[in-house]
Amino acid sequence: MLEKRLLVQAEGKKAYDIVIEDSFSNLAEELKKFDTDKRKICLVTERQVASWYLDTVYEIVEPVCKKVDIFIFQEGESSKNLNTVNQLYRFLIQHEFDRKDMLIALGGGVVGDLTGFAAATYLRGIDFVQVPTSLLSQVDSSIGGKTGVDFQSYKNMVGAFYMPKLVYINISTLKTLSDREFHSGLGEVIKHGLICDASYYKWVRDNKENILARDENALALVVEGSCRIKRAVVEEDPKEQGIRALLNFGHTFGHSIEKLMEFQLTHGECVAIGCILAAGMSRDRGYLTEAQYTEIKNLFQYFGFPKLPEELDSCEVINETRHDKKMAYGSIRFILLRELGKAEIFRDVTEEEMAAAFLSSGEQHL
């Protein structure tokens with residue numbers, strides 16, 4: 001039976017545990033540590049995840065909690081907004097949730113981000129637990145305390161840094177993901193290796209067949225490896241004042257593409273496209289060799305990530321980067337690779353340089 005535990009610290013003190021299991025069976029024991037027998041719990045999830053896991057999780061959680069209520073919303077990025085948060089606020093008020101009570105986010109990144117934001121702002125903050133069920137949320141969005149929702153098509157424009165009390169990962173949920181959802185999470189996996197750990201990147205590259213086949217041992221190593229990288233980064237920089245910005249590799253282009261495509265592509269797909277373009281810029285600056293760039297591009301393509309949609313052109317994407325929330329003092333913090341496994345923040349990237357990356361990658365559409 002798989003069982004891994006990673007401690008996440010903040011300012012030198014324990015913040016929360018990341019527990020990696022292959023079932024939900026130990027979730028009750030983990031929750032009991034927070035005196036849930038004295039607290040009301042709101043299970044927050046979306047319809048698709050509810051059809052798979054809600055009954056199982058409810059049966060495990062209900063006996064160890066004072067009371068369990070359930071809030072379900074429509075799945076998808078289109079629900080990640082203040083309207084859904086308002087509905088959750090009303091639900092919590094109607095069910096008399098107070099500051100002693102707790103929310104549990106059961107689902108992927110949309111559920112985790114939205115629930116975390118609601119927890120951060122309801123009554124100025126109540127406890128919440130992350131139970132991520134998608135690869136993207138298990139290796140990335142559930143870790144680090146970033147919460148938020150989209151606003152008028154701008155990705156994660158409204159949010160807060162707010163730590164969960166626990167992240168409980170059940171890797172068996174990855175077996176029920178669609179191929180597209182599973183591949184979407186692998187974009188963040190590859191990204192973690194590229195920016196922080198060349199040996200992890202090479203392991204993913206060398207074990208891509210087992211990962212694609214969703215071999216349980218490979219999945220466990222993928223999730224643990226990415227969690228360790230994300231933990232190390234957020235411990236050093238919990239509120240993205242420095243090194244944590246490296247996690248945005250591929251996101252400047254990615255968020256622009258995601259918005260322009262009106263969220264028809266997944267977040268992971270857009271980030272993968274952005275990673276390839278940013279790797280191309282790193283190559284053009286002489287930081288990566290042509291062979292390294294080609295290998296990175298081929299690895300993303302092996303996992304089925306799309307190319308830049310033909311209906312978009314580079315001018316649209318570049319123009320949209322001006323609205324990126326990572327703008328600071330009028331310039332974009334652009335993340336490039338100094339070498340495999342080492343990223344840096346640059347503030348001198350020009351629009352001409354961005355356009356050249358599109359041209360040299362053969363993905364320019366005019």
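Calculation notes
- Residues numbered from 1 in each chain as written.
- Predicted model: local features only at pLDDT ≥ 70, side-chain atom pairs only at ≥ 80, totals over all residues.
- Heavy atoms only, no water.
- Helix = DSSP H or I, 4+ residues; strand = E, 2+ residues; numbered from the N terminus.
- Rg over C-alpha atoms; globule rule 2.2 N^0.38 Å.
- Buried < 20%, exposed > 50% of the residue type's maximum accessible area, 1.4 Å probe, protein only.
- Contact = heavy atoms within 4.5 Å.
- Areas by Shrake-Rupley, 256 points an atom, 1.4 Å probe, with all protein chains shown as cover.
- Polar contact = N/O pair within 3.5 Å; in protein donor to acceptor, adjacent residues only side chain to side chain.
- Salt bridge = Lys/Arg side-chain N within 4 Å of Asp/Glu carboxyl O.

Participant: A description of the overall build of the chain should follow, citing residues and the corresponding values.
Facilitator: Across its full length, the chain holds 14 helices and 13 strands. Taking 2.2 N^0.38 as the reference for a compact globule, 366 residues should give roughly 21 Å; the C-alpha atoms of the chain span a radius of gyration of 20 Å, in line with that estimate. Residues counted as buried form 58% of the 366 residues belonging to the chain. Contacts spanning at least 24 positions in sequence make up 76% of the contacts within the chain whose residues lie at least 6 apart. For the chain, the accessible area works out to roughly 15100 Å², and carbon and sulfur atoms hold 47% of it.

Participant: Break down the side chain of threonine 147 for me, with residues and values.
Facilitator: When you line up the elements, threonine 147 lands in strand 7 (residues 146-151). Of note is the side chain of threonine 147, whose polar atom sits 2.7 Å from the backbone oxygen of alanine 160. Residues in contact with threonine 147, not counting those within four places in the same chain, are Asp113, Gly116, Phe117, Phe128, Val158, Gly159, Ala160 and Tyr162.

Participant: Lay out the pattern of salt bridges with the relevant residues and their values.
Facilitator: Counted under the stated rule, the structure contains 30 salt bridges. Between aspartate 17 and arginine 5 there is a salt bridge whose closest N-O contact spans 3.1 Å. Of this pair, aspartate 17 sits in strand 2 (residues 13-21) while arginine 5 sits in strand 1 (residues 3-10), placing them twelve residues apart in sequence. The exposure class assigned to aspartate 17 is buried, which follows from its relative accessible area of 10%. Taking relative accessible area as the criterion, arginine 5 reaches 38% and is therefore assigned partly exposed. Within this structure, Arg5, Lys14, Asp17, Glu30 and Lys33 form a network of salt bridges that share partners.

Participant: Before we move on, could you go through unusual backbone geometry and cite the residues and values that matter?
Facilitator: Not every positive phi belongs to a glycine, and arginine 214 is a case in point at roughly 60°. In this structure, arginine 214 sits in the loop between helix 8 (208-212) and helix 9 (216-236). Positive phi outside glycine occurs at phenylalanine 263, with the angle close to 60°.

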